[in-house]
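Examining the three-dimensional arrangement
Here's the letter readout for the chains.
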Number of protein chains: 2
Amino acid sequence: MNKTVVIVEDDDGLREQLLKIIGKAPDVKCIGAYASAEEAIRGIQKATPELVLMDIKLPCMSGIQCVAELKKIAPAVQIIMVTVYEDSERIFRALKAGAIGYLVKSSPPSEILAAIRDVSKGASPMSTPIARKIVQHFHSLGASAQQEETLSAREHEVLELLSKGFIYKEIGEQLNIESETVRSHVKNICQKMHVRGRVEAVAKHNR
Amino acid sequence: MNKTVVIVEDDDGLREQLLKIIGKAPDVKCIGAYASAEEAIRGIQKATPELVLMDIKLPCMSGIQCVAELKKIAPAVQIIMVTVYEDSERIFRALKAGAIGYLVKSSPPSEILAAIRDVSKGASPMSTPIARKIVQHFHSLGASAQQEETLSAREHEVLELLSKGFIYKEIGEQLNIESETVRSHVKNICQKMHVRGRVEAVAKHNR
DNA sequence: GCGCGAATCCCCGAAATCGGGGACTGACAA
DNA sequence: TTGTCAGTCCCCGATTTCGGGGATTCGCGC
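Here's a quick rundown of the structure. Every chain begins its residue count from 1, and numbering advances along the sequence as written. Key to labels: chains lettered from A, ligands numbered from 1, both in the order written. Given that the model is predicted, a residue must reach a pLDDT of at least 70 before its local features are reported, and side-chain atom pairs must reach 80 or more before they are shown or counted; all residues, however, enter totals for whole chains, interfaces and linings. Hydrogens and water are ignored here; the side-chain numbers use all heavy atoms of the structure.

**Some details on the protein's contact with DNA strand D**
By convention in these notes, a residue is near a molecule or strand provided one of its non-hydrogen atoms lies within 4 Å of it. Close to DNA strand D lie 16 residues; Tyr-168 and Arg-183 of chain A together with Ser-152, Glu-178 and His-185 of chain B are nearest. For DNA strand D, the fraction of protein-proximal atoms (within 4 Å) that sit in sugar or phosphate groups is 60%. N or O atoms closer than or at 3.5 Å make up a polar contact, with two conditions inside protein: a donor-capable atom paired with an acceptor-capable one, and, for residues adjacent in sequence, both atoms drawn from side chains. The contact in question runs from a phosphate oxygen of DNA strand D to an N or O atom on the backbone of Glu-178 of chain B, over 2.7 Å. Within the side chain of His-185 of chain B, a nitrogen or oxygen atom sits 2.7 Å from a phosphate oxygen of DNA strand D. By the criteria applied, helices consist of DSSP H or I runs no shorter than four residues and strands consist of E runs no shorter than two, each listed in order from the N terminus. For the surface near DNA strand D, the secondary structure elements donating two or more residues are helix H8 (168-175) and helix H9 (179-193) of chain A together with helix H9 (179-193) of chain B. Top contributing element to the surface near DNA strand D by residue count: H9 of chain B, with six residues. Three classes are used: nonpolar for Ala, Val, Leu, Ile, Met, Phe, Trp, Tyr, Cys and Pro, charged for Asp, Glu, Lys and Arg, and polar for all others, with Gly counted as polar. Residue composition of the surface near DNA strand D, by class: three nonpolar, four polar and nine charged.

So, in structure tokens, the structure goes:
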């Protein structure tokens, strides 16, 4: 069973290179190669591949936007980013948009082919520096979550309801306490989390 | 140069098995094996390894808590979770606590050894189902972020400042507009995001 | 037993936010 | 040209929140 693949890459040299790599693999078939996001979207609507190799830096529409668009018209396509960018912001935006993997362009051909084969087996191929960036993201989340550890169980409940948009009166009703008590809790929460008000506390909480 | 490793695993059989795997590798040296988090913390204070293989299910203190404690007393130790649990909640908690990698127990010996060797090269080894879980987490984040796409640039600015805890007046000063205008933006933001108030909008924004 | 923190409830006046309107400009598209 | 939409500003009264106090109970640990 051949895996059908499409390449989206504006640099002619790199596109040819990727085509060559895929051409050598007997179990992978390239059914399209486009130099822009717009072309890719049109092409993929006609011939939908199982997988897409996507560059981020594209003329006009970015690769990340393209991922979001492709996921709308063909949710089943698996998209692997292949790019030189290693900044966290782009990685997260690409993954949020729906990409299933993220490789740096310097990856050896074997790694790219392995990635293509592995996604259908449930993998999410990522180059080592990318994986590290993602883990570090969680570490920083943990650091800010540490302040929340000092919150009591009741305070956690209040904070949770607060972030759902309830006002003190409603929170009081749900916890069977007075709204004034809720307010006391909120005061303590703000002190403990070193924030100016409930809005910032909620922001920190959900970060 | 030998890598120094410590094992924390309460199951005698599995601990012996891991010891055997590491014993066979010439470039890795096990300097301790503990059956509980408490023992591990005491032992690691005396003999600090470069890396720790950590089980999650431990008697009394959990492996995740142990990670947090170890990171406090020896921030430089790299910790790889080795566990049967594959639920997102535990994965995220472990990573937030400071773990650098996450392997399932069914991983072959070669993968475990490769993981130990790769962390010092900047990798964050993760079993394939774990990586996929993490990517899916980002996908779900993206779905909720989709509502935010309809927000205009100005509205984004306001939302950003709002989540930093500023009040309308302060936001107005920073953007050189009236606080009343800020309020108009907030009204529109709340409508577009289908939320009841600015607090919920901020919560959704940072989720 | 005593202190301490968590949890509860209360009060005041001031400040901020909300709901629900209206109105003007400028840009860009149909 | 005529919408439409983002962005700006304004008003009213009602509601909610804030700041800064105080007070009680209850359980836990020293």
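**Considering the sheet that holds strand S1 (residues 3-8) of chain B**
Residues and elements named next belong to chain B. Should DSSP find at least two bridges between two strands, the strands are taken to pair. Strands sit in the order S2-S1-S3-S4-S5 across an open sheet of five strands; the sheet is parallel. Both edges of this open sheet fall to strand S2 (28-34) and strand S5 (101-104), since each of them pairs with a single strand only. Shown here is a sheet whose adjacent strand axes are inclined to one another by a mean of 20 degrees, direction ignored. Note: S1 against S2, six bridges, orientation parallel. Note on geometry: axes are C-alpha line fits, over the in-contact stretch for helices, and angles between N-to-C directions span 0 to 180 degrees.

**Considerations on the protein's contact with DNA strand C**
In the vicinity of DNA strand C lie 17 residues, with Ser-152, Glu-178 and His-185 of chain A together with Tyr-168 and Arg-183 of chain B positioned nearest. Taking the atoms of DNA strand C that fall within 4 Å of the protein, sugar and phosphate contribute 60% of them. Here Lys-187 of chain B contributes a side-chain N or O atom positioned 2.9 Å from a base oxygen of DNA strand C. Mapped by element, the contributors of at least two residues to the surface near DNA strand C are H9 of chain A together with helix H8 (168-175) and H9 of chain B. Sorting elements by how many residues they give to the surface near DNA strand C places H9 of chain A first, with six residues. Within the surface near DNA strand C, the residues separate by chemical class into three nonpolar, four polar and ten charged.

**Some points on helix H6 (residues 128-145) of chain B**
One less than the number of residues in a helix, times 1.5 Å, gives the span that helix is expected to have. Relative to the 26 Å expected for 18 residues at 1.5 Å per residue, H6 of chain B spans 26 Å between its end C-alpha atoms, a close match to the ideal helical length. For every residue, the accessible area (1.4 Å probe, protein chains only) is compared with the maximum for its type, and the residue is labelled buried under 20%, exposed over 50%, or partly exposed between those bounds. Residues of H6 of chain B that are buried: Ile-130, Ala-131, Arg-132, Ile-134, Val-135, Phe-138, Leu-141 and Gly-142 of chain B. Those residues of H6 of chain B that are buried are in contact with strand S4 (78-83), helix H4 (88-97), helix H5 (109-119) and helix H6 (128-145) of chain A together with helix H4 (88-97) and S5 of chain B. Contacts were defined at the residue level, with two residues in contact if any of their heavy atoms lie within 4.5 Å.

**Topic: the interface of chain B and chain A**
Contacts between the two partners involve 38 residues from chain B, matched on the other side by 38 residues from chain A. Both sides of the chain B and chain A interface together cover about 3300 Å² of buried area, and 61% of this is carbon and sulfur. Throughout, buried area stands for the accessible area (probe radius 1.4 Å) lost by two parts on being put together, summed over both. Ranking the residues of chain B by area buried against chain A places Lys-96, Arg-132 and Phe-138 of chain B at the top, with a combined share of 20%. In the sections that follow, a salt bridge refers to a side-chain nitrogen of Lys or Arg positioned within 4 Å of a carboxyl oxygen of Asp or Glu. Summed over the shared surface of chain B and chain A, the number is two salt bridges. Note that Glu-170 of chain B is salt-bridged to Arg-196 of chain A, the shortest N-O span being 2.8 Å. There are 14 residue pairs in polar contact (both at pLDDT 80 or more) connecting chain B and chain A. Only H4, H6 and helix H10 (198-205) of chain B provide two or more residues apiece to the side of chain B that touches chain A. Here the side of chain B that touches chain A gets ten residues from one element, more than from any other, and that element is H6 of chain B. Broken down by class, the residue content of the side of chain B that touches chain A amounts to 17 nonpolar, twelve polar and nine charged.

**Observations concerning unusual backbone geometry**
Residues other than glycine seldom take positive phi values, yet Asn-176 of chain A does so here, at roughly 60 degrees. Taking relative accessible area as the criterion, Asn-176 of chain A reaches 69% and is therefore assigned exposed.

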